[in-house]
Amino acid sequence: MPATVVLGAQWGDEGKAKIVDYLAAGADVVVRFQGGANAGHTVEVGGETWIFHLLPVGVLNDHAVCVIGNGVVLDPESLFSELDELAGRGIPVPPERLRVSGCAHVVLPYHKALDRASEESLGSGALGTTARGIGPAYRDKVARSHALRVMDLLDADLRDRLRSAVRAANDMLTSIYGATPLDVEEVVRQTQGFSERLRPYVDDTSVYLNKALDDGRRVLFEGAQGTLLDIDHGTYPYVTSSNTTAGGACTGTGVGPTRIGEIIGVTKAYMTRVGNGPFPTELLDDEGERIRELGQEYGATTGRARRCGWFDATIARMAGRVNGLTGLALTRLDILDPVERLKLCTAYRHGDLLLEEFPADPRILDKCEPVYEEVDGWCAPTTGARSFADLPAGARAYVRRIEELSGTPVSLISVGPDRDATIRL
Ligand code: IMP
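Residues numbered from 1 in each chain as written. Predicted model: local features only at pLDDT ≥ 70, side-chain atom pairs only at ≥ 80, totals over all residues. Heavy atoms only, no water.

Student: Describe the sheet that holds strand E7 (residues 98–101), and please don't skip the residues or the numbers.
Tutor: The strands making up a sheet associate through backbone hydrogen bonding, with each pair oriented either parallel or antiparallel. The sheet built from ten strands is open, its strands ordered E9-E7-E5-E2-E10-E1-E11-E15-E19-E20 with mixed pairing. Whereas interior strands pair on both sides, the edge strands pair on one side only; in this sheet they are strand E9 (202–203) and strand E20 (422–424). Lying on the sheet, helix H13 (residues 393–406) is in contact with strand E15 (327–331) and strand E19 (410–414); it crosses E15 at an angle near 140°. (Pairing = 2+ DSSP bridges. Helix = DSSP H or I, 4+ residues; strand = E, 2+ residues; numbered from the N terminus. Contact = heavy atoms within 4.5 Å. Axes fitted to C-alpha atoms, helices over the stretch in contact; angles between N-to-C directions.)

Next comes the structure, spelled out in structure tokens:
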């Protein structure tokens, strides 16, 4: 049974969690492959709201096994606080239901301190990170000198390795940023406390996942952030530090590309972005404020107000290209219900040129003006629709136009936060 990947086709916050939760009902294994506790995946089930940062959303489906792959940077503090919260709400997650890659790198308190110090030092040029230590943890992974992986937390020489890692981080904190160093022994004590608790969850998750696929089990890859935050293909340097695109599902789990059948790009019916960086269709006027309020566009991890703008088809085409999308899941269509006139960005104007492809060079992107096509809104409720035919004609036309402009068929439409407010095409 080929695997399915669900990933963000914009700047994150596309509503992936709702789509993953919906598809997880038919999955046996749900796996996170990149990012860390910077994600804020919100799901509403039966009137209850759940927010996940590190655990796959699939954990809500009690027949699914969840996996945290090697490409994730795992913050043990965040993981255990999520597990404790779930247990407190009646969903205990025993080790049989959660397998954690021994090769995943670990986020420790000094990564978060370095993230904050780096952002402060950048002043107005700050990236606007979530301060969850993501960049410094991936930097340690790539630098290879002081990084610690989950398997190292279980090792007898942890104490010594950890001491030298905290000392190296303290050197950076004090000499580069003039920040307060961390108490080495306190970090050692806290981290050792996590080690034993983590042990029963640790596994070779590449072996586990490939065996699951061999056995015909249905595996769902759950992306975090979005295509435009990809370290290679996104709006660099205003990106996160991992590969959020489809290739990351393979490198972040040890599952080969030939085992993947379906790649679904989740995209809002408009656009949002948190943090800094370019956003060509951003609305800086009352219309943007209106969409923010209609959609309650505030970050699940940091509470920051999200920047809002019109749907951008150059970005949808780019997401289709770099991910090899087989389908789009169009979310939050209902948020646009009251909006009388809508705009779709079809291309960019750059001087005399009409650009149909999203430019990789930020200097070009900076000078691009969106080319808009205006369409009438539908001004009718869509939340009760359960089939495409139930949607108002204007909403159907809007969806079809998005398909045409993006070059990828829409396979799912979400018209509300509940699981059943979903239309399959
Ligand atoms: P970092 O991942 O915390 O290093 O943040 C880098 C950029 O990615 C910032 O602009 C963040 O706002 C953005 N970002 C990180 N995670 C998410 C997410 O889950 N949703 C939306 N934006 C995110």
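Student: Can you break down the site of the ligand residue by residue, with the values?
Tutor: The local shell around the ligand holds 17 residues, among which Asp-13, Asn-38, Thr-130, Thr-240 and Arg-304 are the closest. Between the ligand and Asn-38, the relevant distance is 2.9 Å, taken from an oxygen atom to a side-chain nitrogen or oxygen of the residue. One nitrogen or oxygen atom from the side chain of Arg-304 is found 2.9 Å from an oxygen atom belonging to the ligand. For the ligand, the accessible surface in isolation is 470 Å², of which the surrounding protein chains cover 97%. Taken together, the residues that form the shell around the ligand break down as six nonpolar, nine polar and two charged. (Near = heavy atom within 4 Å. Polar contact = N/O pair within 3.5 Å; in protein donor to acceptor, adjacent residues only side chain to side chain. Areas by Shrake-Rupley, 256 points an atom, 1.4 Å probe, with all protein chains shown as cover. Nonpolar A, V, L, I, M, F, W, Y, C, P; charged D, E, K, R; others polar.)

Student: Now, about the packing of helix H2 (residues 76–88) against helix H7 (residues 184–198): what can you tell me, with residues and values included?
Tutor: At a closest axis distance of 10 Å, the pairing of H2 and H7 adopts a crossing angle of 55°. On the basis of their axis angle, the class for H2 and H7 is oblique. Of the two elements, H2 crosses H7, and the hand of that crossing is left-handed. When H2 is examined against H7, the residues Pro-76, Glu-77, Leu-79, Phe-80, Leu-83 and Asp-84 are found in contact with a partner set consisting of Gln-190, Phe-194, Arg-197 and Leu-198. (Parallel < 35°, antiparallel > 145°, perpendicular 65-115°, else oblique. Left-handed = near helix turned anticlockwise from the far one by under 90°.)

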